[in-house]
Each structure stands twice: as C-alpha cells, then as structure tokens.
Amino acid sequence: MMRCRTWAAANLCQGDTVILETTGTVWAISDSVGPLVTGTVVAHAEAVRQIADVRGKPDTEDLQRLFRLLIAAIVPDVWVQPAHVRAVRGLRSSRNRLGTPATMIRNRLHRLLHRHNLKVGENGLTDAAWWDSQPLGAPENLHRRQALALPSASNGLRFSRPTEPSGGGSAGASG
C-alpha cells in the first residue's frame, strides 16, 4: 500500500481521473488517491465484466476496457462510502460477528429447556451446576457442555432474559 501511495503522489495530479475496479483494497486505494486527483470512479467489477463479456483477459485489455467505458461515461460505478461511514459499518459488522455465536449458544440452551420442559435456574442460563442436576441424556449433556465451554459464553457475553426497555416500549432486548 505504501508503494501505491508513493506512486500516486509522483504520477497523479489535479485534473486526472482514476478508475478502480472493486477489490478487497479498493477503499484504501480510493482514500489515498482521491485527494490527489479531480475524480475517482470505483467500477462495479461484475457489471464491467458483463458489459465487456470477456473472460480470462490480460491486465492491458482490462485497462483498455475500463478506459473506453470511462470515456463513454458508461462505467457501472458503485457508491464510495465516506471513510467514517465505512468505519461505523465495520464496527457494526464486527459486533454482529461477535454476537452471533452467543445467540447460537443461547438458542441451543433454550431448545434444551423447551425439549425437557425446564425453567431456567435462578443463576441464569449458563449455570453449569444447575445444568448438571437436570435429567438430560448423554448427547444433550455433551451439547450443553460444549455450548457452555465456548469462549463467547465465558468471556462476559450476557445471557440474560429479555427485559422491558425503559421508556415504555414493548420490544424485549437481550444481550
């Protein structure tokens, strides 16, 4: 990435337009090149391929195709999110990935409760001693032990019952 920034600073100037295809690093490149040029266009890679209908082309043909589309002003582009929007979306995505295992564990344990018509013990859903005292079969005990042993269960993720939010709403919230 450093080489890209160095090259862009030496070779690009105001008045230039840069066209990029969507890749894993397109946003970092767009952010570093954008202030140096007049315009930056991020082309939708799949749509560009459909327009050109070319498979297995060399990079020079790729560049020529993008250049022709840019001149004709028919580049199928994507919205370039501002950096702060990408940062917030990244945080939300990361939070969702962290919460998914906890939700799966909670749902697995709740299925066991419903299957055996049990009520949660007073110490909550992750109380291993309470679970040990329940009449579960060997496979279900194994599932339960595995669920409680997962890192997300022991790293402070809450397994609370749904609560009524303050403010009088009716939707429940769980952590």
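Residues numbered from 1 in each chain as written. Predicted model: local features only at pLDDT ≥ 70, side-chain atom pairs only at ≥ 80, totals over all residues. Heavy atoms only, no water.

Caption draft 1: Region of the structure containing the pairing of strand 2 (residues 39–43). Among the five residues in strand 2, four count as buried, and that is most of the element. In this fold, strand 1 (residues 17–21) hands off to helix 2 (residues 26–33), which returns the chain to strand 2; that crossover is right-handed. (Buried < 20%, exposed > 50% of the residue type's maximum accessible area, 1.4 Å probe, protein only. Helix = DSSP H or I, 4+ residues; strand = E, 2+ residues; numbered from the N terminus. Right-handed = clockwise from strand over helix to strand, strands pointing away.)

Caption draft 2: Local environment of the pattern of salt bridges. Enumeration according to the criterion identifies three salt bridges in this entry. Of the charged contacts in the structure, one is a salt bridge between R86 and D31, with a shortest N-O distance of 2.2 Å. Here R86, found in helix 5 (residues 83–115), pairs with D31, found in helix 2; they are 55 residues apart in sequence, far enough to count as distant. In this structure, D132 engages R144 in a salt bridge whose closest nitrogen and oxygen atoms are separated by 2.9 Å. Here D132, found in helix 6 (residues 128–132), pairs with R144, found in helix 7 (residues 138–149); they are 12 residues apart in sequence, far enough to count as distant. Relative accessible area serves as the criterion here: at 3%, R144 is assigned to the buried category. (Salt bridge = Lys/Arg side-chain N within 4 Å of Asp/Glu carboxyl O.)

Caption draft 3: Structural detail: the packing of aromatic side chains. With the rule as written, the count across this model stands at one aromatic pair. Each ring, one from W130 and one from W131, has its centre 5.0 Å from the other, and the planes form 80°; the classification is edge-to-face. By relative accessible area, which is 16% here, W130 ends up buried. The exposure class of W131 is buried, given its relative accessible area of 0%. (Phe/Tyr/Trp six-rings, centres within 6.5 Å; stacked < 30°, edge-to-face > 60°.)

Caption draft 4: Quick look at the pairing of strand 1. Of all five residues making up strand 1, four are buried, and the element is well covered by its neighbours. Two strands pair when backbone bridges link them, and strand 1 and strand 2 are joined in this way by five bridges, in the parallel orientation. Counterpart to V18 in the pairing with strand 2 is T40. (Pairing = 2+ DSSP bridges.)

Caption draft 5: Main features of the nonpolar core. Among the nonpolar cores identified, the biggest contains 10 residues, and these are I105, L109, L112, L113, L125, W130, W131, L136, A147 and L148. In terms of residue count, the dominant contributor to this core is helix 5 (four residues). Residues A8, L20, V33 and V37 belong to the second largest nonpolar core, which totals nine residues. (Core = buried A, V, L, I, M, F, W, Y, C linked by side-chain atoms within 4.5 Å.)

Caption draft 6: Up close: the side chain of E21. Looking at where E21 falls in the secondary structure, it is placed in strand 1. Looking at E21, the relative accessible area reads 16%, which means it is buried. If we ignore the near neighbours within four places in the chain, the residues touching E21 are V26, A43, A45, R49, D62, R65 and L66. (Contact = heavy atoms within 4.5 Å.)

By themselves these figures say nothing about function.
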